Amino acid sequence: MGYEYKVVQIREGLVGGKMSAGKLEGVLNEWAAKGWQLKAVTAVEVKGRIGPGGTEGVLVTFERQVG
């Protein structure tokens, strides 16, 4: 048996200096319902197409067994 991985990028502008916990929770629950387990969350700065600044974001990595 092996594993497969899914990486989901969540982009969000800073609201009060923090990313919306509700949005992240929604993504976690959505993929958990499909059998995926959270493996890692990595903070990233995502460069936007509008303006010189970046957008706060996270890469969420999920894992599940296959076979």
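So, the pattern of salt bridges
According to the stated counting rule, one finds three salt bridges in the structure shown. A salt bridge links Arg64 to Glu4, with the nearest nitrogen and oxygen atoms 2.7 Å apart. Here Glu4 lies in strand S1 (residues 2-11) and Arg64 lies in strand S3 (residues 54-66), a separation of 60 residues in the sequence. Of the residues examined, Arg64 reaches a relative accessible area of 28% and is grouped as partly exposed. For Glu4, a relative accessible area of 28% translates into the label partly exposed.

Brief notes about the side chain of Thr61
On the secondary structure map, Thr61 appears in strand S3. Setting aside anything within four residues of it in sequence, one finds Thr61 in contact with Tyr5, Lys6, Val7, Gln37, Leu38, Lys39 and Ala40.

Thoughts on the confidence of the model for the protein
Of the residues in the protein, 75% have a pLDDT of 70 or more, and the chain-wide mean is 82. The element-level mean pLDDT for the protein is lowest in strand S2 (residues 37-47), coming to 84, with S1 highest at 92.

Overview of the packing of aromatic side chains
Summed over the entire model, instances satisfying the criterion amount to two aromatic pairs. Their ring planes at 85° and their centres at 6.3 Å tell us that Trp31 and Trp36 sit as a pair that is edge-to-face. Lying over the aromatic face of Trp31, Lys34 brings its terminal NZ or CZ to 4.2 Å of the ring centre.

Describing the nonpolar core
Membership of the largest hydrophobic core is limited to eight residues, which are Val8, Ile10, Val27, Trp31, Trp36, Val58, Val60 and Phe62. Listing elements by their share of this core, those giving two or more residues are S1, helix H1 (21-32) and S3. With three residues, S3 is the largest single contributor of residues to this core. Contacts of Val60, omitting those with residues within four sequence positions, involve Lys6, Val7, Val8, Ile10, Leu24, Leu28, Leu38, Ala40 and Val41.

Rules behind the numbers
- Residues numbered from 1 in each chain as written.
- Predicted model: local features only at pLDDT ≥ 70, side-chain atom pairs only at ≥ 80, totals over all residues.
- Heavy atoms only, no water.
- Salt bridge = Lys/Arg side-chain N within 4 Å of Asp/Glu carboxyl O.
- Helix = DSSP H or I, 4+ residues; strand = E, 2+ residues; numbered from the N terminus.
- Buried < 20%, exposed > 50% of the residue type's maximum accessible area, 1.4 Å probe, protein only.
- Contact = heavy atoms within 4.5 Å.
- pLDDT = per-residue confidence, 0-100.
- Phe/Tyr/Trp six-rings, centres within 6.5 Å; stacked < 30°, edge-to-face > 60°.
- Lys NZ or Arg CZ within 6 Å of the ring centre and 35° of its normal.
- Core = buried A, V, L, I, M, F, W, Y, C linked by side-chain atoms within 4.5 Å.

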